[in-house]
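Descriptive structure summary
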Amino acid sequence: MILQEIIRRKRDGESLFGSEINGIVSAITDGSATEGQIGAFAMASFIRGLNTNETVSLTTAMRDSGDVLRWDPDALGGPVLDKHSSGGIGDKVSLMLAPMVAAAGGFVPMISGRGLGHTGGTLDKLESIPGYDVSPDPQRFQKIVASVGCSIIGQTENLAPADRRLYAVRDITGTVESIPLITASILSKKLAAGLGGLVMDIKAGSGAFMSTVDDARALAQSIVNVAQGAGLPTTALVTDMGQVLGDRAGHSLEIAETVEYLTGKKRDPRLHAVVIELGAELLLTGGLAETMDDARTKLEATLATGSAAERFGRMVAEHGGPTDLLNNTKGHLAAAPITMAVHPDKPGRIEKINAREYGLIILELGGGRRTAADKIDPAVGISKAAGIGDRVDRERPIAVLHARDKAAAIKAAGALKKAVTTTDAKLEAPSALIDRIAAETPA
């Protein structure tokens, strides 16, 4: 198979056969494809696009480029389910949802990522818990899933290795923002995890990679169609990322908010709506509930009885974290030495938030990476974040900054004020739930 001929056909707008895509992925995996050829294929795909059949072929070929986990739902005692988010500010939904679904009868082998750009990563948040190992060996991972019902880890070296190499080239060739390539990248890893059902949380708004609802819908539709074509039942929700999800953003701060949510100490309504709706989709997909109302009731019960909190505590302990995190959260999580409440120059109700700027502020404070080698400060971030429609004045701050030193806090405060627009008019908070997307062609 001549790679340059396949690349030429895609360059000229032709549709590739599954065998041709398999050949490219094999060459990416075994190293016989040069970076130039990988970049040319990515650029041709970016400009000319990939249809659904081509994207299914790319997805399954990358899935099969490495290990594929195998689960026996009958032996486990329930369906194997997962959720994935396109990323946002303060998005700690995975940390809450995995133990809730586990407590409702599902099994969740969640393979998550690190922070990307202005967004925080689930793995980075978990690593703010002392001792939590995000890279257990496969046998330990499977054992934790079987015994606890959920385990959240990072991608292993042998899981969809073709995707890892293709993404590295896309990152330096300006071809990241391709819906088919994004779709294949996400789903190849999820399919390699051996799932029986998936729900996608596609964010739209100023803090999301898809800033418009139309772009978010397009990505969601691509993912559910390709997943269906690859044999993985999937639905997607488009959710709002025009403000912080919850009232905290920053690694240790979000772990603390997760514990408060699961134990019932405090639950942000918008965050709760997203968690419950995504979880209900999973229970319905996995056959653990007959209707959405039934699924929501079961998820609420995992919170009311404390079973979801108990699962989270066990998961943390099984991964090497403290056994008493639920009861001694402050004793284990890093805290920044400086806190500063930021009040608006002009009182009023928040009309608009540049949530992306919030993410960049956290990055500047040390809570994100500019390069892969950068070390994250888990203590910094934002708490008590006001949302759209909330009144802010001299008594009620826009947010509270957590920083390592006063100079950093002062600089961040200036940026935070600029990221918010206020008005004298009364406003209602926008719904966190925008749309539900299902596959266009049922299996």
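Keep in mind that what you see is a predicted model, and the values were worked out from it rather than measured. Here the residue numbering is sequential within each chain, running from 1 through the sequence in written order. Since the coordinates come from a predicted model, pLDDT governs what is reported: local features require at least 70, and pairs of side-chain atoms require 80 or more to be given and counted, while whole-chain, interface and lining totals use all residues. As a rule here, side-chain values cover all heavy atoms of the structure and leave hydrogens and water aside.

**Describing the packing of aromatic side chains**
The criterion, for reference: Only the six-membered ring of Trp is used, alongside the rings of Phe and Tyr, when aromatic pairs are assigned; centres must lie within 6.5 Å, and planes under 30 degrees apart are stacked while those over 60 apart are edge-to-face, with the rest tilted. Numbering of helices and strands runs from the N terminus; a helix is a DSSP stretch of H or I covering at least four residues, while a strand is a stretch of E covering at least two. Using a 1.4 Å probe on the protein chains alone, a residue whose accessible area is under 20% of its type maximum counts as buried, one over 50% counts as exposed, and one in between counts as partly exposed. Two conditions define a charge located above a ring, namely a distance within 6 Å from the ring centre to NZ of Lys or CZ of Arg, and an angle within 35 degrees of the ring normal.
The full count for this structure, using the stated rule, is one aromatic pair. Seen in terms of ring centroids, tryptophan 71 and phenylalanine 141 are 6.1 Å apart; in terms of plane orientation they differ by 80°. Their pairing is edge-to-face. One end of the pair, tryptophan 71, is in the loop between α4 (52-63) and α5 (73-76); the other, phenylalanine 141, is in helix α8 (residues 138-148), with 70 residues separating them in the sequence. In this structure, tryptophan 71 and phenylalanine 141 share a single accessibility class: buried. A cation over a ring is seen here: arginine 267 above tyrosine 261, with NZ or CZ 5.4 Å from the ring centre.

**Details of a nonpolar patch on the surface**
Put simply, the rule is: Residues enter a patch when their relative accessible area is above 30% and they make no salt bridge; the linking distance is 9 Å between like charges and 5 Å between nonpolar side chains (Val, Leu, Ile, Met, Phe, Trp, Tyr). For the accessible areas, the method is Shrake-Rupley and the probe is 1.4 Å, while residue cover comes only from the protein chains on display. Think of a salt bridge as a Lys or Arg side-chain nitrogen and an Asp or Glu carboxyl oxygen that are within 4 Å of each other.
On the surface, a nonpolar cluster with roughly 270 Å² of combined accessible area is contributed by Met43, Phe46 and Ile47. Residue position: methionine 43 is located in helix α3 (residues 35-48). For methionine 43, a relative accessible area of 32% corresponds to the partly exposed category.

**Some thoughts on empty space enclosed by the protein**
Applied cut-off: Cavity means a closed set of points on a 1 Å grid over the protein atoms alone, one where a 1.4 Å probe fits but cannot get out, pocket means an open set with protein on both sides within 12 Å along at least 5 of 7 lines, and lining means a residue has an atom within 4 Å of a point. Grid points are joined across faces, edges and corners, and a volume is the space filled by probe spheres set on the points. Residues are sorted three ways: Asp, Glu, Lys and Arg are charged, Ala, Val, Leu, Ile, Met, Phe, Trp, Tyr, Cys and Pro are nonpolar, and all the rest, Gly among them, are polar.
Applying the stated rule across the entire model yields two cavities of 30 Å³ or more. Along the walls of the largest cavity sit Met96, Asp247, Arg248, Glu257, Glu260, Tyr261, Lys266, Arg267, Asp268 and Leu271, which together make up its complete lining. Among the elements that make up the lining of the largest cavity, the one with the highest residue count is helix α12 (residues 251-263) (three residues). Classifying every residue of the lining of the largest cavity by side-chain character gives three nonpolar, no polar and seven charged. There is about 40 Å³ of room inside the second largest cavity. In terms of lining residues, the second largest cavity is bounded by Leu3, Ile7, Ile24, Ile28, Ala33, Gln37, Ile38 and Phe41. Take the lining of the second largest cavity: its biggest share by element is three residues, from α3. Class assignment of the residues belonging to the lining of the second largest cavity gives a composition of seven nonpolar, one polar and no charged.

**Side note on the layout of surface pockets**
Size it by volume and the second largest pocket reaches roughly 570 Å³. Counting only elements with at least two residues in the lining of the second largest pocket, the list comes to α12, α16 (329-332) and β10 (399-403). In terms of residues, the lining of the second largest pocket owes the most to one element, α12, which gives six residues. Grouping the amino acids of the lining of the second largest pocket by side-chain chemistry returns 10 nonpolar, six polar and seven charged.

**A look at the sheet that holds strand β4 (residues 197-204)**
Note the cut-off: Each pair of strands is called paired provided DSSP finds at least two bridges between the two strands. Axes here refer to lines fitted to C-alpha atoms; in helices the fit is confined to the stretch in contact. Angles between the N-to-C directions go from 0 to 180 degrees.
Judged by pairing direction, the sheet is mixed, and its four strands sit side by side in the order β1-β4-β5-β12 without closing on themselves. Lying at the two open borders of the sheet, with one neighbouring strand each, are β1 (81-85) and β12 (433-437). The sheet shows a mean angle of 20° between the axes of neighbouring strands, taken without regard to direction. Here seven bridges tie β4 to strand β5 (residues 234-240), and the two strands are oriented parallel to one another. Among the inter-strand pairings, isoleucine 202 is bridged to a residue of β5, identified as valine 238.

**Notes on the sheet that holds strand β8 (residues 381-383)**
Spatial ordering of the open sheet is given by β6-β10-β8, a layout of three strands whose pairing is antiparallel. Lying at the two open borders of the sheet, with one neighbouring strand each, are β6 (338-342) and β8. Along the sheet, successive strands turn relative to each other by an average axial angle of 30°, direction set aside. Sheet topology places β8 next to β10; three bridges connect them, and they run antiparallel. By the bridge assignment, isoleucine 382 is partnered in β10 with leucine 401.

**Some details on the pattern of salt bridges**
Enumeration according to the criterion identifies 29 salt bridges in this entry. Of the charged contacts in the structure, one is a salt bridge between glutamate 5 and arginine 8, with a shortest N-O distance of 3.1 Å. Taken together, the positions of glutamate 5 and arginine 8, both in helix α1 (residues 3-11) and three residues apart, correspond to about one turn of that helix. Look at glutamate 5 and you get partly exposed, because its relative accessible area is 38%.

**Comments concerning helix α9 (residues 161-173)**
Put simply, the rule reads: What a helix is expected to span follows from its residue count: subtract one and scale by 1.5 Å. The arc in question is formed by the directions pointing from the helix axis toward the C-beta atoms. We call two residues in contact whenever any of their non-hydrogen atoms come within 4.5 Å of each other.
Taking 1.5 Å of rise per residue, the 13 residues of α9 would be expected to cover 18 Å, and the 19 Å separating its terminal C-alpha atoms lies within 8% of that figure. All of the buried residues in α9 are Ala162, Asp163, Leu166, Val169 and Arg170. Seen end-on, α9 carries its buried residues on one side only, within an arc spanning 135°. Every exposed residue of α9 that faces more than 90 degrees away from the buried side is listed here: Asp171 and Ile172. Elements that come into contact with the buried residues of α9 comprise α2 (18-30), α3, α4 and α10 (179-192). Residue glycine 174 follows α9 closely and has a positive phi angle near 70°.

**Some details on the environment of isoleucine 361**
Note that isoleucine 361 resides in helix α17 (residues 355-367). With 358 residues separating them along the chain, isoleucine 361 and leucine 3 place their C-alpha atoms 44 Å apart.

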